[in-house]
Amino acid sequence: GAVVSQHPSRVICKSGTSVKIECRSLDFQATTMFWYRQFPKQSLMLMATSNEGSKATYEQGVEKDKFLINHASLTLSTLTVTSAHPEDSSFYICSATPSGTNTDTQYFGPGTRLTVL
Amino acid sequence: QKEVEQDPGPLSVPEGAIVSLNCTYSNSAFQYFMWYRQYSRKGPELLMYTYSSGNKEDGRFTAQVDKSSKYISLFIRDSQPSDSATYLCAMGFGYGGYNKLIFGAGTRLAVHP
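Here goes a summary of the coordinates provided. If you're wondering where the values come from, they're calculated on a predicted model, not measured in any experiment.

Let us look at the state of the cysteines. Residue and element names in this part refer to chain A. In total, this model carries two disulfides over all chains according to the counting rule given. A sulfur-sulfur separation of 2.0 Å characterises the disulfide bridge that pairs C23 with C94. Around the S-S axis, the bridge from C23 to C94 shows a dihedral of about 80° and counts as right-handed. Separated by 71 residues along the polypeptide, C23 in strand β3 (residues 19-25) and C94 in strand β9 (residues 90-98) bring together distant segments of the chain.

The next thing to look at is the sheet that holds strand β7 (residues 61-66) of chain B. All names here are of chain B. Strand order in this open sheet of five strands is β1-β3-β8-β7-β6, and the pairing throughout is antiparallel. Of all the strands in the sheet, the pair left with one neighbour each is β1 (4-6) and β6 (54-58). Going across the sheet, the axis of each strand differs from the next one's by a mean of 15°, ignoring polarity. Taken together, the six bridges between strand β3 (residues 19-25) and strand β8 (residues 71-76) define a ladder with antiparallel strand orientation. Bridge pairing in β8 links T24 to Y71.

Let us now look at the sheet that holds strand β7 (residues 67-73) of chain A. Residue and element names in this part refer to chain A. Read across the sheet, four strands follow the order β1-β3-β8-β7 without closing on themselves; strand pairing throughout is antiparallel. For this open sheet the edge positions go to β1 (4-7) and β7, each flanked by a neighbour on one side alone. Taken pair by pair, the neighbouring strands of this sheet meet at an average axis angle of 15°, ignoring direction.

The tendency in soluble globular proteins is for nonpolar side chains to be buried as a group. Ranked by internal contacts, the top residues of the largest apolar core, which has 26 residues, are W35(B), I72(B), L74(B) and M91(B). Those elements that provide at least two residues to this core are β3, β4 (32-38), β5 (45-50), β7, β8, β9 (85-95) and β11 (107-112) of chain B. In terms of residues, this core owes the most to one element, β9(B), which gives five residues. Excluding anything up to four places from it in sequence, M91(B) contacts V4(B), C23(B), Y25(B), F30(B), Y32(B), F33(B), I72(B), K100(B), L101(B) and I102(B). Membership of the second largest hydrophobic core comes to 24 residues, among which are A30(A), W35(A), A56(A) and L79(A).

Conventions adopted
Residues numbered from 1 in each chain as written. Chains lettered and ligands numbered in written order. Predicted model: local features only at pLDDT ≥ 70, side-chain atom pairs only at ≥ 80, totals over all residues. Heavy atoms only, no water. Disulfide = S-S within 2.5 Å. Helix = DSSP H or I, 4+ residues; strand = E, 2+ residues; numbered from the N terminus. Pairing = 2+ DSSP bridges. Axes fitted to C-alpha atoms, helices over the stretch in contact; angles between N-to-C directions. Core = buried A, V, L, I, M, F, W, Y, C linked by side-chain atoms within 4.5 Å. Buried < 20%, exposed > 50% of the residue type's maximum accessible area, 1.4 Å probe, protein only. Contact = heavy atoms within 4.5 Å.

Shown next, in the form of structure tokens:
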């Protein structure tokens, strides 16, 4: 149980385009989802916390107008990288916490590798 | 100074060896501690989590927390080539109603036959 999927697993796009990444909890409902970014050989850095039905909470230094997060249902959160640039190339990972549990239990998706040319 | 320090390695050991992975932290507000395993180009997988000082064992894995020294460890006994991965320590505390995790840089482990 507690499976989280991400789509797509890999995306290559041109500079200036927007890219949407989906994060789904497959067998549980998730009130809270988290979005992380991981550069090569570096750790996961939390970008934002997403709560179903409300605005996301962004970490310091993360541009909310560039990284749009929508958590419209209890099983789906999306991250849209707007006007992507090569420096946005990274591994984006989401995690989800089952509703009704303490949010110290996070189940991670397999990640999405974004390459901006 | 980073909140969580972890030696990135790489650490190379022969099959069957005992592996010791460590993290130190500076924020005494951390309430719980986790170890994740991450295979190349995959999401992290939770291995162990603890809330208090002491040892917690699960199969070949033992997690150790020393809050007085702000030091946590993960021991892997009888290491196998399939244990080759990056191991991330993570720590959490209540934050604005949501428990965010702070990750270490990860230690790359290679277990060779």
